[in-house]
Amino acid sequence: MASRGGFSSKIGFILAAAGSAVGLGNIWKFPFEVGEGGGAAFVFVYLVFCFILCFPVMLTEIAMGRKTSKNPVGAFNALGYKKWNFIGKLGILSGFLILSFYNVVAGWAFGYFIEMLSGNFEIGNQFGDYTKDVYKVGGYAVVFMISTAFIVSKGISGGIEKASKILMPTLIIMIIGIVIYSLTLPHAIDGLSFYLVPDFSKLTAKVIGSAMGQAFFSLSLGMGALITYGSYVGKKDNIVTSAAFITLTDVGIAFIAGLMMFPLVSYLTEGTMEGAGQGAGLIFAVLPGAFESLGPVFGVIIGSAFFLLLSFAALTSTVSLLEVPVAYAVDELNLRRTKAVWIVAAIIFIIGLPSLVGNGYSEFFTNFITYFGAEQPTDFMTFIGHLASDTFLPLGGCLIVIFAAYVWKKENLSEEISSGYEGYKGSIIEKYINFAITVFCPIVLAIMFISTVLSKFFN
Ligand code: PFF
């Protein structure tokens, strides 16, 4: 059997899982979703979802992975419920779709590193032209996919674990530094109030659906990434504290990314917050102007370091996205690891081409689909985001907890969680998890799934 690799230590798993969770989802997607969702009310719903709904799903995924030491499809087979492995297959499909566009955005971020290095702060005003330049940004996307594939082909543990121990904290310190700076700028207070003072009248079904999708996307849930990573975790590790750490880190970083962005948006728009809802271009349009205001030397240093570190954060996420289908291909299709990696990476890159050209270059993919009743068309990349992260991930999460609660049985899940956590059985945490997976999550996630489909695709 092909070797699956493993983590060198408990901290290795936590770092890798946190590395999977923390990425463009926190720093690119979260701020623009908050902007589109109208601000603080979105943030509130997002936080509630992360802690009460997503946490039980995360624990279930890690436990299933550790119990079976398998990929998302193999995990269902190994537990003896082959019929249910369609949930894992849905996860693998989600992984393909998400990585296909994620890699394009990661390429943009990497390209911004080079732009900042050359002092081109004007790029913020020319973001549309930048994404249209498909040979350039396509080149960055190729570099990114090759780097991801290279790391995954070397197996899970290794250099990336070590590098993330230094680079992730550096990124966090840097964001905190920018937060402090942005709070000193004129109009910062209007940005803060947009971000932190909720106006609940802004909560529509669509906004709530986006908050749900964002929670799943950001925590890397609902597609078996954490089943796959959980398969590398030791029996003596306490997975409840691991899951809590991963959730807190991920949510914490998204939160401070928002604290960084909205005062800057407010500064650049003189307090009007116009353009906060501009979508996927938000950080790319706003941050260069902020770096420029630091002066030529600091601007170049801080600006380029920021986008380089962001690219690294994205890389630890693309690695986990690629690992899911690769683990499947290695375990279930008996492919050699290296071969599996390059084949899957190539296929995903090709699936990502419409996302690459659908940001201005190709008319067809830029105005790809007009949802029922909508006035404006939606581009291909946004459509795939709605489909995979807002729809498939919560659906996958819903099915995973239903499976764990009623098919595999909650007693078996408890048994698995209690390995490495002696006092788990009978604790309040166990009671909550059992309630969540049997009743709360299935009901809420099923409602969310239906309402998201109706509100997103049928205006
Ligand atoms: N959580 C990652 C981010 O926030 O950037 C994206 C992601 C990675 C989603 C892995 C899903 C996944 F399985």
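Residues numbered from 1 in each chain as written. Predicted model: local features only at pLDDT ≥ 70, side-chain atom pairs only at ≥ 80, totals over all residues.

### Considering the packing of helix α7 (residues 134-153) against helix α15 (residues 337-351)
Worth spelling out the cut-off: Angles here are taken between N-to-C directions and fall from 0 to 180 degrees, while the axes themselves are lines fitted to C-alpha atoms, restricted in helices to the stretch in contact. Think of it this way: any DSSP run of H or I at least four residues long counts as a helix, any run of E at least two long counts as a strand, and we number them from the N terminus. Roughly parallel means an angle under 35 degrees; roughly antiparallel, over 145; roughly perpendicular, 65 to 115; everything else is oblique. Here is the rule for handedness: rotate from the far helix to the near one, and if that takes an anticlockwise turn smaller than a right angle the crossing is left-handed, while a clockwise turn gives right-handed. The contact rule is simple: place each C-beta atom from the backbone, and if two of them lie within 7 Å, those residues are in contact. Under the grouping applied here, Gly and all other residues not named as nonpolar or charged are polar, the nonpolar ones being Ala, Val, Leu, Ile, Met, Phe, Trp, Tyr, Cys and Pro and the charged ones Asp, Glu, Lys and Arg.
It is the contact of α7 with α15, at a shortest axis distance of 9 Å, that shows an interaxial angle of 155°. As the angle between them shows, α7 and α15 are arranged roughly antiparallel. Read as a crossing pair, α7 and α15 show a hand that is right-handed. Within the contact between the two elements, α7 uses Met145, Thr148, Ala149, Val152 and Ser153 and α15 uses Arg337, Thr338, Val341, Trp342, Ala345 and Phe349. Looking at side-chain class alone, the contact of α7 with α15 contains 7 nonpolar, 3 polar and 1 charged residues.

### Comments concerning the confidence of the model for the protein
Note the threshold: Residue-level confidence of the predictor is what pLDDT reports, using numbers from 0 through 100.
For the protein, the average pLDDT comes to 93, and 97% of its residues sit at 70 or higher. By mean pLDDT, the top-scoring element of the protein is helix α16 (residues 353-357) (98), and the lowest-scoring one is helix α1 (residues 10-21) (84). Here the predicted complex carries an ipTM of 0.99, next to a pTM of 0.94.

### Observations regarding the site of the ligand
Test applied: To decide whether a residue is near a molecule or strand, its C-beta atom is placed from the backbone and checked for lying within 6 Å of it.
Contacts to the ligand come from 16 residues, most closely from Gly23, Gly25, Ser220, Ala225 and Ser317. Among the secondary structure elements, those contributing two or more residues to the shell around the ligand are α1, α2 (24-36), α5 (86-117), α10 (205-218) and α14 (296-332). Here the shell around the ligand is composed, by residue class, of 7 nonpolar, 9 polar and no charged.

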